[in-house]
Amino acid sequence: MYFIYDDYYLKHENGISHPENPDRLRYIKNAVDILAGRGIIEYISPSPADKKQVEMVHDALYIEKVLELSEKGGLSFLDMDTGVNQYTYSCALLAVGGCLDGMDLILSGNNKYKKFFLACRPPGHHAFSSRGSGFCIFNNAAIGARYAASQYGIKKIAIIDLDAHHDNGTQDIFYEDDAIFYISFHQYPHYPGSGEVDETGYGRGEGFNLNFPFIPGTKEPDYLAALIDIVLPLMEKFEPELLIVSAGYDSHFSDYMSSLGLVEDSYQKIMNALSYISHRSCGGRMAMVLEGGYEYRSTAGSVAATIMGSLESGKIKSIEDLEMYFGIDDGYRNSKIKNNMVIDQAAKSFGISR
């Protein structure tokens, strides 16, 4: 697998004691160095995107605003949480560029690997077309999706977000788009306050926007049941040509930015399930783009688990195989799941029999 990273990402700052800080990447890099030593990943240095590429998603005036704040120096804020220093604009271009480089690597005809993980800062999923928010500047995953469609003719893309915070920016960008199937697992109620199960898209995008707003304390069983019962059947029907994972790790039980209950092994299992769709529909192609995750050790370990889970060789041949592999049956569903009402409502909205 390609692992896209550059020390330049460490230069972006949000201020003293801010949770989104360079140490996040330092810990991740230390963890994946071990995988590199085992030949599991190959490091790739990114190149910066240009303004025209960022404009595939973002308004020119907003892009100019970020540039002007960076050129001013010091520390400015797009909102109360989202800082801009002298390096933010160039870091944000490099984050977008890393995603586009990854798309080139896995979508070109002579690719060595079919998957990449982008470990970048600043993150992107709370960035709207015309404004940044929630620590995010440019929406890396959304721009990557638009680039894959325009540059490589990819007609159907699934974006799956695992961050504890609903990715309101990505949802808003694709809410009326039937070429992007957007799916989010997140804590609710929680920042940013959006992402209810009845938010299913609008106009042409109706039926292509799926939210799982999970209550605090939700653990692995709800994620696996939602994947087995709802997400994977929908993906078999949708047949995406590319899978993009917005990889957030503040859903880990140790992360102080949420009250969810995943562990490192949970991410590996989730990626086992997503790898099934990747192999079945996407020719094995999958992009993973870092979002949140603020407890350094658990985030680093979860990134490593994500990578390992995504590298399943395709031995799982059906959803039933995954059910058996995870030990999911009616007893499991009745005794271990906290969000059956949410999952049942999602099933009803999307015409899935559960």
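Residues numbered from 1 in each chain as written. Predicted model: local features only at pLDDT ≥ 70, side-chain atom pairs only at ≥ 80, totals over all residues. Heavy atoms only, no water.

Thoughts on the sheet that holds strand E2 (residues 42-44)
- The strand order across the open sheet formed by eight strands is E2-E1-E5-E10-E9-E6-E7-E8, and the pairing between neighbours is parallel. With one partner strand each, in any of the chains shown, E2 and strand E8 (209-214) form the two edges of the open sheet. On average, each strand axis in the sheet is inclined to that of its neighbour by 15°, with strand direction left out of account.
- Together, strand E1 (2-4), E2 and strand E10 (286-290) form the strand contacts of helix H1 (residues 23-37), whose direction differs from that of E2 by roughly 140°.
- Running over the sheet, helix H8 (residues 264-281) touches strand E5 (115-118), strand E6 (157-161), strand E9 (242-247) and E10 and is turned about 140° from E10. (Pairing = 2+ DSSP bridges. Helix = DSSP H or I, 4+ residues; strand = E, 2+ residues; numbered from the N terminus. Axes fitted to C-alpha atoms, helices over the stretch in contact; angles between N-to-C directions. Contact = heavy atoms within 4.5 Å.)

A word on the packing of aromatic side chains
- In the structure shown here, the tally under the stated rule is 21 aromatic pairs.
- Both rings, one in Tyr8 and one in Tyr87, keep their centres 6.2 Å apart while their planes meet at 90°; by these two values the pair is edge-to-face. Placement of Tyr8 in the loop between E1 and H1 and of Tyr87 in the loop between strand E4 (83-84) and helix H4 (88-107) is noted, with a sequence separation of 79 residues between them.
- Look at Tyr8 and you get partly exposed, because its relative accessible area is 27%.
- Judged by relative accessible area, which is 28%, Tyr87 ranks as partly exposed. (Phe/Tyr/Trp six-rings, centres within 6.5 Å; stacked < 30°, edge-to-face > 60°. Buried < 20%, exposed > 50% of the residue type's maximum accessible area, 1.4 Å probe, protein only.)

Describing the packing of H1 against helix H9 (residues 296-310)
- Axis separation between H1 and H9 bottoms out at 8 Å; the angle between their running directions is 40°. As judged from the angle between their axes, H1 and H9 are oblique. In this structure, the crossing between H1 and H9 has a hand that is right-handed. Residues Asp23, Arg24, Tyr27, Ile28, Ala31, Val32 and Leu35 of H1 form the contact with H9, whose participating residues are Tyr296, Arg297, Thr299, Ala300, Val303, Ala304, Ile307 and Met308.
- Residues that form the contact of H1 with H9 fall into these classes: 11 nonpolar, one polar and three charged. (Parallel < 35°, antiparallel > 145°, perpendicular 65-115°, else oblique. Left-handed = near helix turned anticlockwise from the far one by under 90°. Nonpolar A, V, L, I, M, F, W, Y, C, P; charged D, E, K, R; others polar.)

Notes on the pattern of salt bridges
- For the structure shown, the criterion picks out 16 salt bridges.
- Each of Asp229, Glu323, Asp330, Arg333, Asp344 and Arg354 takes part in one network of salt bridges that share partners. (Salt bridge = Lys/Arg side-chain N within 4 Å of Asp/Glu carboxyl O.)

Topic: the confidence of the model for the protein chain
- Scored by pLDDT, the protein chain comes out at a mean of 97, with 99% of its residues at no less than 70.
- Summarising per-element confidence for the protein chain, the mean pLDDT is lowest in helix H10 (residues 319-326) (94) and highest in E10 (99). (pLDDT = per-residue confidence, 0-100.)

Structural notes on the side chain of Ser298
- Relative to the helices and strands, Ser298 resides in helix H9.
- Ser298 gets classed as buried once you look at its relative accessible area, which sits at 4%.
- Excluding residues within four positions of it along the chain, Ser298 makes contact with His252, Ser254 and Glu264.

Describing the environment of Val263
- Checked against the element boundaries, Val263 lands in the loop between E9 and H8.
- When the C-alpha atoms of Val263 and Gly301 are compared, they prove to be 9.3 Å apart, with 38 residues separating the residues in sequence.
- Sequence-distant contacts of Val263, defined by excluding residues within four places in its chain, comprise Glu220, His252 and Phe253.

Description of the environment of Ile41
- Assignment of secondary structure puts Ile41 in the loop between H1 and E2.
- Residue classification places Ile41 among the buried positions, given a relative accessible area of 7%.
- Separated by 266 residues in sequence, Ile41 and Ile307 have C-alpha atoms that sit 8.7 Å apart.

Observations regarding the environment of Tyr43
- Mapped onto the secondary structure, Tyr43 falls in strand E2.
- Separated by 37 residues in the primary sequence, Tyr43 and Asp6 have C-alpha atoms spaced 9.2 Å apart.
- The contact partners of Tyr43, leaving out residues within four places of it in the chain, are Phe3, Lys29, Val32, Asp33 and Ala36.
- A polar side-chain atom of Tyr43 sits 2.5 Å from a polar atom in the side chain of Asp33. (Polar contact = N/O pair within 3.5 Å; in protein donor to acceptor, adjacent residues only side chain to side chain.)

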